[in-house]
Amino acid sequence: MKKILLAGGAGYIGSHTAVELINSGYDVIIADNYSNSCPEAVRRIEEITGKSVKAYELDIKDKTALETVFKENKIDAVIHFAGLKAVGESVAKPVLYYRNNIDTTLSLLECMEEFGVKNIIFSSSATVYGEENPVPYTEKMKRGTCTNPYGWTKVMMEQILEDAANADKELSVVLLRYFNPIGAHESGKIGEDPQGIPNNLMPYVAQVAVGRREKLTIFGNDYDTPDGTCRRDYIHVVDLAKGHVKAIDYILSHEGVEIFNLGTGTPYSVTEIVETFENVNDMKINHVYGDRRPGDLPESYANADKALEVLGWKTEKTLADMCRDTWNWQKNNPNGYKK
Ligand code: NAD
Ligand code: UDP
């Protein structure tokens, strides 16, 4: 059975990917410092899959600690989810973001070289298309200019991984550019559990729904979009997780560097998200319109053709599924993984 190391595997996307990999016959090993997650997420992965999961509590930046994982397990491929991801925080604490996100990548690459591991999949983001590329984004476009340090860490990490693959022809790299993952596993046992005030739209909506926040502020309704609010390519996290399984199947038999957009290709506005959440879950979401949020682009969505052509992957779930599954997770876990 092929062993896949999930760096940051206890987090939102990592936990859903762990479930899909296990269900597809892979063995997963999680390494996480729980800086933005908790061991309970690993327990829930075990509950959903009925399999026990080996998990290491460690900082991926700590190469000595990471070596233990590679020594104790014959790893076939790494998926690198371990990063800090709050855009606003990255503006306030850029050094923390560069240190954490770049160093985790370097530690992983060094350990992979030391132990002869030749496959790495990286959690990149649509943010690397920057301000100047037109929508829909295709993988052939050049990386653009980011508006914040978080985005720049993704640009830099993509470059580092490409350079490493250029130098070692046996090294295979897949860069997965996620669009806007939302939703939760249909069991309601795992989902997004942000610490503090959510930065992202869907967890904010879910916390208004469950009564933890009074109202949602919609950031700007004067954009040049059909209803004036920003449009994004929201993707169900389970579809995204299945994209990782396809990428693992692919990387185990291919060499070189490949980039894939993981999105639906269909944008929805903030207002459409709120309305769909209200309709699907039969409730009202208290909201007001406020100022634009600095750095927000009016529109971001994928051309998702390459993932279909090369990986045979496309999304299956609807926006209604995303809204229903988010609420199912939130209502069953009003305080996230905390009791
Ligand atoms: P998350 O915060 O839920 O998961 C990241 C995990 O990495 C957490 O469990 C955290 O504890 C762990 N981690 C962070 N630094 C670590 C370190 N130094 N050592 C060990 N573990 C560490 O985030 P997520 O939403 O699951 O995102 C996963 C990856 O996908 C991130 O790299 C993120 O930047 C990227 N991404 C996310 C989104 C999104 O909207 N969620 C969009 C595009 C890209
Ligand atoms: N958004 C909003 N109110 C919030 C959070 C987000 O109106 O409290 C909007 C935001 O301006 C953007 C969209 O929702 O247009 C998606 O934002 P998110 O932070 O989830 O994703 P990203 O901006 O990274 O695409």
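Check the entry above for the structure.
Here's a quick rundown of the structure. (Residues numbered from 1 in each chain as written. Chains lettered and ligands numbered in written order. Predicted model: local features only at pLDDT ≥ 70, side-chain atom pairs only at ≥ 80, totals over all residues. Heavy atoms only, no water.)

**What to know about the site of ligand 2**
Okay, so step 1: Contacts to ligand 2 come from 14 residues, most closely from Thr217, Phe219, Arg232, Arg293 and Asp296.
Okay, so step 2: Asn200 places a side-chain nitrogen or oxygen 3.1 Å from an oxygen atom of ligand 2.
Okay, so step 3: Residue Leu201 places a main-chain N or O atom 2.9 Å away from an oxygen atom belonging to ligand 2.
Okay, so step 4: Look at ligand 2: alone it shows 510 Å² of surface, and the protein chains cover 88% of it.
Okay, so step 5: It is strand E8 (residues 216–219) that provides the largest number of residues to the shell around ligand 2, a total of 4 residues.
Okay, so step 6: In terms of residue class, the shell around ligand 2 is made up of 7 nonpolar, 4 polar and 3 charged. (Near = heavy atom within 4 Å. Polar contact = N/O pair within 3.5 Å; in protein donor to acceptor, adjacent residues only side chain to side chain. Areas by Shrake-Rupley, 256 points an atom, 1.4 Å probe, with all protein chains shown as cover. Helix = DSSP H or I, 4+ residues; strand = E, 2+ residues; numbered from the N terminus. Nonpolar A, V, L, I, M, F, W, Y, C, P; charged D, E, K, R; others polar.)

**Concerning the sheet that holds strand E12 (residues 268–269)**
Okay, so step 1: Strand order across the open sheet formed by 3 strands is E12-E9-E14, with mixed pairing between neighbours. Pairing within the sheet leaves two strands with one partner each, and these edge strands are E12 and strand E14 (299–300). (Pairing = 2+ DSSP bridges.)

**Points about the site of ligand 1**
Okay, so step 1: Of all residues adjacent to ligand 1, which total 29 residues, the nearest are Asp32, Asn36, Ser37, Lys85 and Tyr150.
Okay, so step 2: With respect to ligand 1, the backbone of Phe81 contributes an N or O atom lying 3.1 Å from an oxygen atom.
Okay, so step 3: When the free accessible area of ligand 1 is taken as 810 Å², the share hidden by the protein chains comes to 95%.
Okay, so step 4: Going through the elements one at a time, helix H1 (12–23), helix H5 (94–115), strand E5 (119–125) and helix H6 (149–167) are the ones with two or more residues in the shell around ligand 1.
Okay, so step 5: In terms of residue count, E5 provides more of the shell around ligand 1 than any other element does, 3 residues in total.

**Some details on unusual backbone geometry**
Generally, phi is negative for residues other than glycine and the peptide bonds are trans, each holding for most cases.
Okay, so step 1: Residue Pro136 is reached from Val135 by a cis peptide bond, and omega for that bond is -5°.
Okay, so step 2: For Pro136, the position within the fold is in the loop between E5 and H6.
Okay, so step 3: One non-glycine residue, Tyr34, lies in the positive phi region at around 60°.
Okay, so step 4: With respect to the helices and strands, the residue Tyr34 is situated in the loop between strand E2 (27–32) and helix H2 (39–49).
Okay, so step 5: The phi torsion at Asp282 lies on the positive side, around 50°, for a residue other than glycine.
Okay, so step 6: Relative to the elements of secondary structure, Asp282 occurs in the loop between helix H9 (270–281) and strand E13 (287–290).
Okay, so step 7: Look at Asp282 and you get exposed, because its relative accessible area is 70%. (Buried < 20%, exposed > 50% of the residue type's maximum accessible area, 1.4 Å probe, protein only.)

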